[in-house]
Amino acid sequence: MSNSQKRAIQNYRSRLGERGLARFEVLGLDADRTLIREMARRLAEGGTESARLRDVLTKTVSGDPPKKGGVYAWLRSSPLVGTDIDLERVKGKVREIDL
């Protein structure tokens with residue numbers, strides 16, 4: 001590789017570094033190439049969607065079992081908590097079903 005090619009690669013990688021990105025190589029199945037590239041692209045975009053994807057991936061590859069009480073915490077965060085909603089079932093006449 002010539003000096004100009006080495007310099008071009010070095011400049012490219014330094015520009016990536018200024019943007020907070022890094023170039024790296026991973027080994028994987030050829031069939032997963034598109035998936036891995038798309039995942040990396042979405043993670044690099046930033047924002048709430050990339051944060052959610054990063055969180056899901058971290059939890060998936062960590063192998064830790066899910067924390068208990070997740071559904072309960074989700075229900076408690078509902079905007080309907082504390083509202084006076086009548087959830088009592090109205091009992092009416094029982095229908096006869098002909099089987």
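Here's a quick rundown of the structure.

## Topic: the overall build of the protein
Move 1: Assigned secondary structure in the protein consists of four helices and zero strands.
Move 2: Accessible surface computed for the protein: about 10,300 Å², of which carbon and sulfur atoms make up 55%.
Move 3: Charge separation in the protein, taken as the distance between the mean sites of 20 positive and 14 negative side-chain charges, equals 9 Å.

## Remarks on helix H3 (residues 48-62)
Move 1: Taking 1.5 Å per residue, 15 residues should reach 21 Å; H3 reaches 21 Å between its end C-alpha atoms and fits that length.
Move 2: Just downstream of H3, glycine 63 is the residue with a positive phi angle, here 80°.

## Points about the layout of surface pockets
Move 1: The space that makes up the largest pocket amounts to roughly 880 Å³.
Move 2: Top contributing element to the lining of the largest pocket by residue count: helix H2 (residues 33-45), with eight residues.
Move 3: Classifying every residue of the lining of the largest pocket by side-chain character gives 13 nonpolar, one polar and eight charged.

## Digging into the packing of H2 against H3
Move 1: Where H2 contacts H3, the axes come no closer than 7 Å and their chain directions differ by 125°. By the angle class used here, H2 and H3 are oblique. Crossing angle aside, the handedness with which H2 passes H3 is left-handed. Contacts between H2 and H3 involve Met39, Arg42 and Leu43 on the former and, on the latter, Ser50, Leu53, Arg54 and Leu57.
Move 2: For the contact of H2 with H3, the per-class residue count stands at four nonpolar, one polar and two charged.

## Some points on the pattern of salt bridges
Move 1: Scanning all chains against the criterion turns up five salt bridges.
Move 2: Residue glutamate 38 is joined to arginine 42 by a salt bridge in which the shortest nitrogen-to-oxygen separation is 3.1 Å. With glutamate 38 and arginine 42 both in helix H2 and four residues apart, the pair spans about one turn of that helix.
Move 3: Between glutamate 49 and arginine 52 there is a salt bridge; the shortest N-O distance is 2.7 Å. Of this pair, glutamate 49 and arginine 52 both sit in helix H3, separated by three residues, roughly a single helical turn.
Move 4: The class for arginine 52 is partly exposed, based on a relative accessible area of 47%.
Move 5: Where salt bridges share partners, they join Glu38, Arg41 and Arg42 into one cluster.

The rules behind each value
Residues numbered from 1 in each chain as written. Predicted model: local features only at pLDDT ≥ 70, side-chain atom pairs only at ≥ 80, totals over all residues. Heavy atoms only, no water. Helix = DSSP H or I, 4+ residues; strand = E, 2+ residues; numbered from the N terminus. Areas by Shrake-Rupley, 256 points an atom, 1.4 Å probe, with all protein chains shown as cover. Lys, Arg positive; Asp, Glu negative; His and termini not counted. Charge placed at Lys NZ, Arg CZ, Asp CG, Glu CD. Expected span 1.5 Å × (residues − 1). 1 Å grid on protein atoms, 1.4 Å probe; cavity = no way out; pocket = protein on both sides within 12 Å on 5 of 7 lines; lining within 4 Å. Points joined across faces, edges and corners; volume = space filled by probe spheres on them. Nonpolar A, V, L, I, M, F, W, Y, C, P; charged D, E, K, R; others polar. Axes fitted to C-alpha atoms, helices over the stretch in contact; angles between N-to-C directions. Parallel < 35°, antiparallel > 145°, perpendicular 65-115°, else oblique. Left-handed = near helix turned anticlockwise from the far one by under 90°. Contact = heavy atoms within 4.5 Å. Salt bridge = Lys/Arg side-chain N within 4 Å of Asp/Glu carboxyl O. Buried < 20%, exposed > 50% of the residue type's maximum accessible area, 1.4 Å probe, protein only.

This is a description of form; function is not addressed.
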